[in-house]
Amino acid sequence: MTDPSTDLRETVRLRYAAAAVKVTEGGTACCGPEPVEVDENFGSTLYAGDERDTLPAEAVAASLGCGNPTAVAELREGERVLDLGSGGGIDVLLSARRVGPTGKAYGLDMTEEMLALALANAGKAGASNVEFLKGTIEMIPLPANTIDVVISNCVINLSVDKPAVFAETFRVLRPGGRIGVSDVVADDTLTPEQRAERGDHVGCIAGALSFAEYREGLESAGFTDVEITPTHPVADRMHSAIVRATKPLHSGEPAPSAASAGACCGVDACCAPAGTAVHPA
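In this report, the structure presented in the accompanying data block is examined.

**What to know about the overall build of the protein chain**
When its secondary structure is counted, the protein chain shows 9 helices and 9 strands. Out of the 281 residues belonging to the protein chain, those deemed buried represent 53%. Restricting the contact set of the protein chain to residue pairs at least 6 apart, pairs at least 24 apart contribute 72%. Accessible area for the protein chain stands at about 11600 Å²; split by element, carbon and sulfur atoms hold 55% of it.

Structure follows, in structure tokens:
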């Protein structure tokens, strides 16, 4: 008997692989149940025009998210940023510009087709401080305590194991690191069955946590200062929301030295067996 969670993950992978192929062939990807196209609740319209204009058209066309995490993560020069579920690379490329040449932006995706599209977009953008990793957000192929900021755009709701996502995010963040993600969140009054009535899992709806579940999940992983702020509705009593949280400075984990962090992150070493690293070069 097959594992339902494995089947669901494969359904998600196939859906977004098809979206990447569509963009590569000159079409536009979409989030939401097919054949619904991107509207004002999802996609590139949630980014400012001057941001879209600076990026390759394919990166913009592949945008499937429900927000703009780079606008709320308060990225600073020299920081290391990780985008969970990086897709066509729009948030990685925007993050790379914000952290500058002394910083680094990583993108993590499980879909070969999206990774290929992201690499092509990074090449077109001339981005040299980016790196794309193949793997799942439940098992991040990066060492502990090496990332300053984790962002994500409407991807955590797709996970079949959200506690693992929160635990892995906490692990890779340096003490004092933070998350700034956009995601779909349900009102606390909605049951999982009622959420499924409003849209399917692959369409970013059925797998959404409630506000209370999201907060509890982050706090159980060790995060503090959790803030969940709805921005706009995406379905009845379901919202796109900005989620912020912090890894405490004293989390019980030893912080690596700058030298060891630089030598042990990304393509050179220490990737977990489940993931592989891909560099634009």
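**Considerations on helix α5 (residues 112–125)**
Because an α-helix completes one turn every 3.6 residues, residues spaced three or four positions apart along the sequence face the same direction. Its 14 residues place the ends of α5 20 Å apart at the C-alpha level, agreeing with the 20 Å of an ideal helix rising 1.5 Å per residue. Where α5 ends, the next residue or the one after it, G126, has phi of about 70°, a positive value.

**Examining the packing of aromatic side chains**
In this structure the tally under the stated criterion is 2 aromatic pairs. Both rings, one in F166 and one in Y214, keep their centres 5.5 Å apart while their planes meet at 45°; by these two values the pair is tilted. Placement of the pair is F166 in helix α6 (residues 162–172) and Y214 in helix α8 (residues 211–221), with a sequence separation of 48 residues. Of the residues examined, F166 reaches a relative accessible area of 3% and is grouped as buried.

**Some points on the environment of M110**
The topology assignment puts M110 in the loop between β2 (104–109) and α5. Residue M110 is classed as partly exposed on the basis of its relative accessible area, which comes to 24%. Each C-alpha atom, one on M110 and one on T136, is 5.4 Å from the other, the two residues being 26 residues apart in sequence.

**Some words on the pairing of strand β8 (residues 238–246)**
Most of β8 sits out of view: 7 of its 9 residues are buried. Where strand β7 (residues 224–235) lies against β8, 8 bridges are found, and the strand directions are antiparallel. Each bridged residue has a counterpart across the sheet, and for A235 the counterpart in β8 is M238. Between β7 and β8, which pair antiparallel and follow one another directly, the connecting turn spans 2 residues, one of which, R237, has a positive phi of 60°.

**Describing the pattern of salt bridges**
In this structure the tally under the stated criterion is 10 salt bridges. Here D148 and R174 are joined by a salt bridge, their closest N and O atoms 3.4 Å apart. Remark: R174 occurs in strand β5 (residues 173–186) and D148 occurs in strand β4 (residues 147–153); sequence separation between them is 26 residues. We classify D148 as buried; its relative accessible area is 16%.

**Overview of α6**
Within α6, 8 of the 11 residues are buried, which leaves it mostly tucked inside the rest of the structure. Its buried side turned inward, α6 meets β1 (80–84), β4, β5, β6 (209–210) and α8.

**Side note on the nonpolar core**
Residues L82, I179, Y214 and L218 are the most contacted members of the largest nonpolar core, which totals 30 residues. Elements represented by at least two residues in this core include exactly β1, β2, β4, α6, β5, α8, β7 and β8. If we ignore the near neighbours within four places in the chain, the residues touching Y214 are I156, F166, V181, D183, V185, L209, I228 and V243. With 10 residues, the next largest nonpolar core counts L93, L115, A127 and F132 among its residues.

Rules used throughout
- Residues numbered from 1 in each chain as written.
- Predicted model: local features only at pLDDT ≥ 70, side-chain atom pairs only at ≥ 80, totals over all residues.
- Heavy atoms only, no water.
- Helix = DSSP H or I, 4+ residues; strand = E, 2+ residues; numbered from the N terminus.
- Buried < 20%, exposed > 50% of the residue type's maximum accessible area, 1.4 Å probe, protein only.
- Contact = heavy atoms within 4.5 Å.
- Areas by Shrake-Rupley, 256 points an atom, 1.4 Å probe, with all protein chains shown as cover.
- Expected span 1.5 Å × (residues − 1).
- Phe/Tyr/Trp six-rings, centres within 6.5 Å; stacked < 30°, edge-to-face > 60°.
- Pairing = 2+ DSSP bridges.
- Salt bridge = Lys/Arg side-chain N within 4 Å of Asp/Glu carboxyl O.
- Core = buried A, V, L, I, M, F, W, Y, C linked by side-chain atoms within 4.5 Å.

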